[in-house]
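Descriptive structure summary
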Amino acid sequence: MTYQENYQKWLDFAELPAYLRDELVAMDEKTKEDAFYTNLEFGTAGMRGLIGAGTNRINIYVVRQATEGLAQLIDSKGEEAKKRGVAIAYDSRHFSPEFAFESAQVLAAHGIKSYVFESLRPTPELSFAVRYLGTASGINITASHNPKEYNGYKVYWEDGAQIVDPQATGIVSAVEAVDIFNGIKLMDEKEAIEKGLLVYVGEKLDDRFIEEVKKNAINPDVENKDKIKIVYSPLHGVAARPVERILKEMGYTSVYPVKEQEQPDGNFPTCDYANPEDTSVFKLSTELADKVGAEICIANDPDGDRVGLAVLDNNGKWFFPNGNQIGILFAEYILNHKKDIPANGTMITTVVSTPLFDTIVKKNGKKALRVLTGFKYIGEKIRQFENKDLDGTFLFGFEESIGYLVGTHVRDKDAVVASMIIAEMATTFKNNGSSIYNEIIKIYEKYGWRLETTIPITKKGKDGLEEIQKIMKSMREKTHTEIAGIKVKEYRDYQKGVEDLPKSDVIQIVLEDETYLTVRPSGTEPKIKFYISVVDSDKKVAEEKLAKLEKEFLNYAENL
């Protein structure tokens, strides 16, 4: 079906809500094509897209269709799976509550029970709820750190991790076979409640979640918690309640919330891009920190699974550690402070994260694993450890895009536990006359100056997707022998399979001086990302090398 035929099908659908019809009527030809030329696809974290009318947008019909696919998969597992049901959570974005309840209505029509949170909750609590309630699956309505125009739909399996194959493929196959308008039944809320197919959950789960998070403190009795001043912001998202609660209950009494960003608001009025990777979101935090004399600012993304930092350096200036730097800080701290680490203790990161992670873990006598980008693959490894399919005991996992997990209470990134341990680290370091900034510098001085940068380039719409595909195609067709005057040591095309990992649209080039150059289309945004990692024993040399590679690698890729 052409995009014009798809568009007309929607326009002709008599039951289409007025707000979607008005949007269709107002579309120019370019917008029509982008909204209807394809179907919204599952990426590294489920399905994410612009809110609006169309098959390539997220709206009640696309959500219903995705849920129909999930319902058919659960149907195929039998009555027990249907009774176990599905946990459903949602964040502060536009249409999040509506999409959550649409999902519950579709499931109810299949006789599948839903446990729906009574109000907004962070992503990690949904992962926790799946395992705590023993459900067969979970749905989370969120677009994480994407701009306000986006929303999304994440599916979790019974282990609390985001779906991987074969479940993911099963859902997609079912979705493709369902008519988006006429192939899906709904049960209304009142009937679903009366039949026990819709149950609201909330405070009891909150309490259990917080209890489990507390168990993952490395040193819960660290002294002088009241002496560390912390500024905190949830960036208009859903993490304020659990993060402020956990910090208070753990004894961190000098926590100063950024009031302008404390309440959930899907418009993100103080920051266009509510992503703690973007240092501009810390403006209000650092202003408050300067006022109250705080030495650390913690910010979470809108769905509460990522955490970013601003910390004071030795000159009293604000330093913003990137995701890799926070990750190696966690790894070094856990390995040096956690008691009774088992012999098979294992830490996990992704193929685009810093190679310094492996160095730290292995030099401390533990195992380091790498998986594809997407925390679902880290969750998969945790399950394999528990099922004894793989030898290991999970200690810590992270993605360079500021996602961290300590403990196995959830199977996804968890900004609640990460925020708690960041407060603990800051307190421990301060007690020892140090700081987060100084400890990061010590890591580099100990293991080498491994520096990274990530360059995301946005390519919107159908034309943008084609440009990204062209870049990846050109990268694969060229024989890479030398980049920026340095010979290529190794070329890795993950689409062909590397180190027994699932196939993925990622290319990584390792140069003779141990520079890592990686190219990867984002699975959740209209972007292509260039990851550059350099190393040298001298800080200045590493910085100069990174600046040179950043310029020359982009030029190299664009001129293939």
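This paragraph deals with empty space enclosed by the protein. One water molecule sets the probe size; rolling that probe over the atoms shows where empty space is left. The tally for this structure, following the rule as stated, stands at two cavities of 30 Å³ or more. By volume, the second largest cavity amounts to about 80 Å³. Every residue lining the second largest cavity is counted, 15 residues in all, and those nearest its centre are Val352, Ser353, Thr518, Tyr531 and Ser533. When residues of the lining of the second largest cavity are traced back to their parent elements, those giving at least two are β17 (449–458), β21 (516–521) and β22 (527–536). The residue inventory of the lining of the second largest cavity, partitioned by class, reads six nonpolar, eight polar and one charged.

Looking now at the packing of helix α10 (residues 203–214) against helix α16 (residues 415–431). The interhelical angle for the contact between α10 and α16, taken along N-to-C directions, is 40°, at an axis separation of 10 Å. One element, α10, and the other, α16, form an angle in the oblique class. Handedness of the crossing formed by α10 with α16: right-handed. Along the contact surface, α10 presents Phe209, Val213 and Lys214, while α16 presents Val416, Val417 and Met420.

Quick look at the state of the cysteines now. Think of a disulfide as a covalent bridge from one cysteine sulfur atom to another cysteine sulfur atom. Taken as a whole, this structure holds zero disulfides when the rule is applied. The thiol sulfur of Cys271 is not disulfide-bonded, and the nearest other cysteine sulfur, from Cys297, lies at 14 Å. Its relative accessible area of 7% is what places Cys271 among the buried residues. Assessed through its relative accessible area of 0%, Cys297 is described here as buried.

Phe330, Phe396 and Ile436 are the most contacted members of the largest nonpolar core, which totals 118 residues. A per-element tally of this core places α16 first, with eleven residues. Contact partners of Ile436, with chain neighbours within four places excluded, come to Ile296, Leu309, Val311, Leu329, Ile422, Ala426 and Phe429. Counting residues in each nonpolar core, the second largest holds 50 residues, with Tyr7, Leu40, Ile60 and Ala168 among its members.

Let's shift gears to the layout of surface pockets. Looking at the second largest pocket, its volume works out to about 490 Å³. Every residue lining the second largest pocket is counted, 26 residues in all, and those nearest its centre are Glu277, Asp278, Asn322, Gly323 and Thr454. Tallying contributions element by element places β17 first for the lining of the second largest pocket, with four residues. Looking at the lining of the second largest pocket residue by residue, the classes come out as ten nonpolar, nine polar and seven charged.

Our focus in this paragraph is the side chain of Asp414. Checked against the element boundaries, Asp414 lands in the loop between β16 (403–405) and α16. We note that Asp414 is buried and unpaired, the nearest opposite charge coming from Arg131 at a distance of 10 Å. In contact with Asp414, not counting residues within four places along its chain, are Pro124, Phe209, Val213, Gly304, Asp305, Tyr404, Leu405 and His409.

What follows deals with the side chain of Thr349. Summarising the element assignment, Thr349 is placed in strand β13 (residues 345–350). Residue classification places Thr349 among the buried residues on the basis of a relative accessible area of 0%. With sequence-adjacent residues up to four places away left out, Thr349 is seen in contact with Phe357, Leu369, Arg370, Val371 and Phe398.

Before going further, it helps to examine the pairing of β22. Side chains on a regular strand alternate between the two faces of the sheet. Counting buried positions along β22 yields eight of ten residues, so the element is predominantly enclosed. In this structure, β17 lies alongside β22, joined through ten bridges in antiparallel fashion. For Ile455, the partnering residue across the bridge sits in β22 and is Phe530. Of the strand pairs in this sheet, β21 and β22 are connected by six bridges, and their pairing is antiparallel. In the strand pairing of β22, Tyr516 is matched with Ser533.

Definitions and cut-offs
Residues numbered from 1 in each chain as written. Predicted model: local features only at pLDDT ≥ 70, side-chain atom pairs only at ≥ 80, totals over all residues. Heavy atoms only, no water. 1 Å grid on protein atoms, 1.4 Å probe; cavity = no way out; pocket = protein on both sides within 12 Å on 5 of 7 lines; lining within 4 Å. Points joined across faces, edges and corners; volume = space filled by probe spheres on them. Helix = DSSP H or I, 4+ residues; strand = E, 2+ residues; numbered from the N terminus. Nonpolar A, V, L, I, M, F, W, Y, C, P; charged D, E, K, R; others polar. Axes fitted to C-alpha atoms, helices over the stretch in contact; angles between N-to-C directions. Parallel < 35°, antiparallel > 145°, perpendicular 65-115°, else oblique. Left-handed = near helix turned anticlockwise from the far one by under 90°. Contact = heavy atoms within 4.5 Å. Disulfide = S-S within 2.5 Å. Buried < 20%, exposed > 50% of the residue type's maximum accessible area, 1.4 Å probe, protein only. Core = buried A, V, L, I, M, F, W, Y, C linked by side-chain atoms within 4.5 Å. Lys, Arg positive; Asp, Glu negative; His and termini not counted. Salt bridge = Lys/Arg side-chain N within 4 Å of Asp/Glu carboxyl O. Pairing = 2+ DSSP bridges.

Purely geometric numbers; function is a separate question.
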